[in-house]
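Descriptive analysis of the structure
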Amino acid sequence: MEREGSPQPPPREGSSPPGERPASDLGQALSQILHRLTGPESRRGSARNAALQDLSALLEATGCDRLFAGSDTPLGGAPGTLGAVTAALEKHAAPRKEEGGADGCSAVAEKAAAVGLLFTKLLRRVESAKESPGCLAWKRGLRHLAGPIYVFAITHSLQQPWTRPGAREVAREVLALLLRVTECGSVAGFLHGEHEGEKGRFAEILGLLQPDLNKESWKNNPATKHVFSWTLQQVTRPWLNQHLERILPPSLLISDDYQIENKVLGVHCLHHIVLNVPAADLLQYNRAQVLYHALFNHLYTPEHHLIQAVLLCLLDLFPVLEKGLHWQGGAARPTTHCDEVLQLILTHMEPEHRILLRRTYARNLPAFVKRLGILTVRHWKRLERVILGYLEVYDGPEEEARLKTLETLKLLMQYTWPRVSCRLVVLLKALLKLICDVARDSSLTPETVKGALLEEATDCLLLLDRCSQGQVKGLLAKIPQSCKDSKVVECVRKVQLVSEGAPYSGTKNFAVLS
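As a starting point, this report considers the structure included with it.

So, how was this worked out
Within each chain, residues carry numbers counting from 1 in the order of the written sequence. Local features in a predicted model are, by the rule used here, given only for residues with pLDDT of at least 70; side-chain atom pairs are given and counted only at 80 or more, and totals for whole chains, interfaces and linings are based on all residues. Only heavy atoms go into the side-chain values, all of them from the structure, while hydrogens and water stay out. By nonpolar core we mean a set of buried residues, namely Ala, Val, Leu, Ile, Met, Phe, Trp, Tyr and Cys, connected to one another through side-chain atoms within 4.5 Å. Burial here depends on accessible area, computed with a 1.4 Å probe over protein chains only, as a share of the maximum for the residue type. Under 20% is buried, over 50% is exposed, and the range in between is partly exposed. Each domain's extent was defined by an automatic or database domain assignment. Contacts are assigned to residue pairs with any non-hydrogen atoms lying within 4.5 Å of each other. Only runs of H or I of at least four residues qualify as helices and only runs of E of at least two qualify as strands under DSSP, and these elements are numbered from the N terminus. We define a salt bridge as a contact between a side-chain nitrogen of Lys or Arg and a carboxyl oxygen of Asp or Glu at a distance within 4 Å. Multiply 1.5 Å by the residue count of a helix minus one, and that product is the helix's expected span. Picture the helix axis, draw a direction to every C-beta atom, and the arc is the one those directions span.

A few words now on the nonpolar core. In globular proteins that are soluble, nonpolar side chains generally tend to be buried together. Of all hydrophobic cores here, the largest spans 149 residues; its most connected members are Tyr150, Leu317 and Val341. Split by domain, the residues of this core number at least three in each of domain 1 (27–183) and domain 2 (209–322). Apart from residues lying up to four places away in sequence, Tyr150 is in contact with Leu175, Leu178, Val187, Phe190, Leu191, Ile205, Trp230 and Thr231.

Take a look at the structure:
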């Protein structure tokens, strides 16, 4: 700095215009702000607020060409320091484990709103630099800023306890501005690259999240797991498999927690990996078996949200696990992972009395029967007990458990029809009892639900009649004469008419039994 009264030499080419800081002064000012945000004095709210105000003033007073100058130096120059300041601001606004409660969450939202305004101002400077023909360093400068700003935007734009409407609005504006500045049409494009051959920033984001995703630290910042999960869901085939080594351990870690919320979140991450990573990569190093055992253990936790997530993931994992299995003929088919899971599900279903868990199990049972096909015959006895037990119990106005149980019975009869005739009397009694119960039901069950139950039960009677070579028609012959309930009589007559050859649009796949 020149002393007062000393002669001013003419400005050299590339020097700062009057009123602007030289690059060395800018770097020093940013370093001081960084120290105040990360040093011991950062614990004082007044020091942090002063640092934010100084940074805001610095951004307003510094031209674009100076703000991003020095990006080619080994340490990144001023943009490198600005990137470190940006990362410190993201950490400053992030929620911490100890900031629970309404007051702590409100404080986090206030910090996020203030930091979001700074990021908005910073990104607008980048946008101005893009439009300035004399400033060509903005791309290299943006490389230091994009990652932390993205993590901030996702942290505070999601609906979470630490966010508030004002902070969410600011964070979403920051994300939209970031995508516009990086010339990306979507978050997915930002992460895996907008154009073919473009690298994308997913690896960089994972690197930023990694320190908070290990066994010791992943609960310190409650937002990290949600940012990781949400970001992971945006990257699909064919870009995800190259990051498998970095995304699988955190997903398993989150799913292995004792809290149900974290278990479900981790299972959703694992399911996304199963769907978007090629089977060959999952089979390599026995990864698929690791996934299977991690998921299978969750089936012992009686929580319907978790069971639903685990069963959906397992159903998509079975084709991967059984990819190399080939039946040679002669000997009995080996049992599969699907057999093992179905056996455990049926064991849990029989004594289960909690409605939500009963619905969850029943909802997924048809998919297991479809998966095993004729091999479901291995589980016939236990399936029969479960089906009979679930058809007897009223399931509330939606009747989801009984409807899905009827769907399971239909599939079971279609795939294993040679075994059905010996269970004719037991199944017929259960179906007729169900039809009578529904016909006489005076509860709040909607008529549409009752109609669906009667139609599904009628379909099952028709399949049962086919499987028993028309015996059902004969056994039902006297019911129209003795029964006065019109709904029951209508169902019975449908069975008799279709058995005699009349067309019926209810049951599909009769060709299986023809």
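We now examine unusual backbone geometry. Backbone torsion omega between Arg237 and Pro238 reads -5 degrees, so that peptide bond is classified as cis. Locating Pro238 in the fold gives a position in the loop between α10 (224–234) and α11 (244–255). Phi at Asn286 takes a positive value of approximately 65 degrees, unusual for a residue other than glycine. On the secondary structure map, Asn286 appears in the loop between α13 (279–283) and α14 (287–298). Phi angles above zero are rare outside glycine, and Gln469 is one such case at about 55 degrees. Within the element layout of this structure, Gln469 appears in the loop between α21 (447–467) and α22 (471–475). Given the relative accessible area of 63%, Gln469 is considered exposed.

Oppositely charged side chains are able to pair whenever their charged atoms sit close together. The final tally for this structure, using the stated rule, is 22 salt bridges. With a shortest N-O distance of 2.8 Å, Glu60 and Lys121 are connected by a salt bridge. With Glu60 in helix α2 (residues 45–61) and Lys121 in helix α5 (residues 101–131), this pair connects stretches of sequence that are 61 residues apart. Judged by relative accessible area, Lys121 falls into the partly exposed class, the value being 24%. Salt bridges linked by common partners bring Glu350, Arg382 and Arg385 together as one network.

The next point concerns helix α18 (residues 380–392). Compared with the 18 Å implied by 1.5 Å per residue over 13 residues, the 18 Å span of α18 between its first and last C-alpha is a close match. Among the residues of α18, Trp380, Leu383, Glu384, Val386, Ile387, Leu388, Tyr390 and Leu391 are the ones counted as buried. Each element contacted by the buried residues of α18 is listed here: α16 (337–349), α17 (355–372), α19 (400–415) and α20 (424–439).

Turning next to α14. An α-helical turn contains 3.6 residues, so a residue and the one three or four places further along point in the same direction. Taking 1.5 Å per residue as the helical rise, α14 with its twelve residues ought to reach 16 Å, and the 17 Å between its terminal C-alpha atoms agrees with that figure. Of the residues making up α14, those classed as buried are Arg287, Ala288, Leu291, Tyr292, Leu295, Phe296 and His298. Down the axis of α14, the buried set is contained in an arc of 165 degrees. They therefore lie on one face. Against α11, α12 (260–276), α13, α15 (304–321) and α16 lie the buried residues of α14.

Here we come to the environment of Pro165. By the element assignment, Pro165 lies in helix α7 (residues 165–181). For Pro165, a relative accessible area of 56% translates into the label exposed.

Mapped onto the fold, Ser157 is located in helix α6 (residues 138–157). A residue is classified by how much of its surface remains accessible, and Ser157, at 10% relative accessible area, is buried.

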